[in-house]
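Report on the structure
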Amino acid sequence: MSSQVHGTQHFDKAKRAEIKFSDEAMQTVQTIISHYPDAKIKSALLPVLHVAQAEFGGWLSPEVMDYVASVLKIKPIEVFEVASFYTMYNLKPMGKCVLEVCQTSSCWLNGAEDIVKYIEKKLNIKVGETTTDGMFSLKVAECLGSCGTAPMLQCGASYHENLTYDKVDKILDDYKAEGKLKSYTDLDYKNTL
């Protein structure tokens, strides 16, 4: 994979050689792939990227994206194009809990901007930054499909709706106490495939 594919990100061939899904993750990937015809295997890319992001520290390095391309037998640029398009994929190291606050119409009208400012002040970070302890990163996202319960934020597979400052405090305290990486794969794929 060339550096042109990843812009300013450096590609490390030695690191790439070490990247491999765990047996459990590869089994999940193979289950996902099995739901698509061989000629349409690229359709498995979104859920496979979720597995890769969860498996490899909460972000997609150039080496991880190259590995995903090899597993799906597609071009690395195809993986990068998808990963760089969607806000749910992280192209740099992030905190264990990525807080994605919806900023679209319903959420904005119901105070999402105030929620973002509150989180920034509480965690002493700005949108796009990570706390010094590596626990939280803050992002804003376009519509997350929860307009009737605005304002809301997503962390991994969990939605937190009808946000207030008190609810945000509890969410942050609970995640901090748990101390675990939150990902989109926290959703039980076994019951959905």
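The rules behind the values
Residues numbered from 1 in each chain as written. Predicted model: local features only at pLDDT ≥ 70, side-chain atom pairs only at ≥ 80, totals over all residues. Heavy atoms only, no water. Axes fitted to C-alpha atoms, helices over the stretch in contact; angles between N-to-C directions. Helix = DSSP H or I, 4+ residues; strand = E, 2+ residues; numbered from the N terminus. Parallel < 35°, antiparallel > 145°, perpendicular 65-115°, else oblique. Left-handed = near helix turned anticlockwise from the far one by under 90°. Contact = heavy atoms within 4.5 Å. Salt bridge = Lys/Arg side-chain N within 4 Å of Asp/Glu carboxyl O. Phe/Tyr/Trp six-rings, centres within 6.5 Å; stacked < 30°, edge-to-face > 60°. Buried < 20%, exposed > 50% of the residue type's maximum accessible area, 1.4 Å probe, protein only. Expected span 1.5 Å × (residues − 1). Arc of directions from axis to C-beta. Pairing = 2+ DSSP bridges.

1. Brief notes about the packing of helix α4 (residues 62–72) against helix α5 (residues 76–85)
Where α4 contacts α5, the two axes come as close as 8 Å, and the packing angle between them is 120 degrees. Relative to α5, the element α4 is oriented oblique. Judged by the sense of rotation from one axis to the other, the crossing of α4 with α5 is right-handed. Note on element contacts: α5 touches α4 through Pro76, Val79, Phe80 and Ala83, opposite Met65, Asp66, Val68 and Ala69.

2. A look at the pattern of salt bridges
Under the defined criterion, the tally for this structure stands at seven salt bridges. Of the charged contacts in the structure, one is a salt bridge between glutamate 78 and lysine 42, with a shortest N-O distance of 3.0 Å. Remark: lysine 42 occurs in the loop between α2 (23–33) and α3 (45–55) and glutamate 78 occurs in helix α5; sequence separation between them is 36 residues. Salt-bridge contacts for lysine 176 lead to aspartate 133; the nearest nitrogen and oxygen are separated by 2.2 Å. In this pair, lysine 176 sits in helix α8 (residues 165–178) while aspartate 133 sits in the loop between α7 (112–123) and β2 (136–141), placing the two residues 43 residues apart along the sequence.

3. Some remarks on the packing of aromatic side chains
In this description, an aromatic ring pair is defined by two values, namely the gap between the centres and the angle between the planes. Applying the stated rule across the entire model yields six aromatic pairs. Each ring, one from phenylalanine 56 and one from tyrosine 67, has its centre 6.3 Å from the other, and the planes form 85 degrees; the classification is edge-to-face. Taken together, the positions of phenylalanine 56 in the loop between α3 and α4 and tyrosine 67 in helix α4 put the pair eleven residues apart, joining distant regions of the chain. One exposure class covers both phenylalanine 56 and tyrosine 67, and it is buried. Between tyrosine 118 and tyrosine 165 the ring centres are 4.3 Å apart and the planes differ by 20 degrees, which places this aromatic pair in the stacked class. Of this pair, tyrosine 118 sits in helix α7 while tyrosine 165 sits in helix α8, and the two are 47 residues apart along the sequence. According to the relative accessible area criterion, tyrosine 165 is partly exposed, its value standing at 41%.

4. Examining α7
If you check α7, its first and last C-alpha atoms are 16 Å apart, about what twelve residues at 1.5 Å a residue would give, namely 16 Å. Ala112, Ile115, Val116, Ile119, Glu120 and Leu123 are the residues of α7 that are buried. Each buried residue of α7 sits inside an arc of 135 degrees when the element is viewed along its axis, so together they form one side. Those residues of α7 that are buried are in contact with β1 (97–102), α6 (105–109), β2, β3 (153–155) and α8. Positioned one or two residues after α7, asparagine 124 has a phi angle of 60 degrees, which is positive.

5. Points about the pairing of β1
The two faces of the sheet receive side chains in turn, since in a regular strand these alternate between them. Taken across its six residues, β1 has six buried, putting it largely inside the fold. Of the two faces of β1, both are covered, the one formed by Cys97, Leu99 and Val101 as well as the one formed by Val98, Glu100 and Cys102. Taken together, the six bridges between β1 and β2 define a ladder with parallel strand orientation. Looking at the pairing, cysteine 97 lines up with phenylalanine 136 of β2.

6. A look at the sheet that holds strand β4 (residues 158–160)
Pairing is mixed across the open sheet formed by four strands, whose spatial order is β2-β1-β3-β4. With partners counted over all chains shown, the strands left at the sheet margins are β2 and β4, one partner each. Neighbouring strand axes in the sheet, compared pairwise and without regard to direction, differ in orientation by 25 degrees on average. As defined by bridge partners, β1 adjoins β3 across two bridges and the pair is classed as antiparallel. Residue pairing for β3: glutamate 100 is matched across the bridge by glutamine 154.

Shape is all these values report; function is a separate question.
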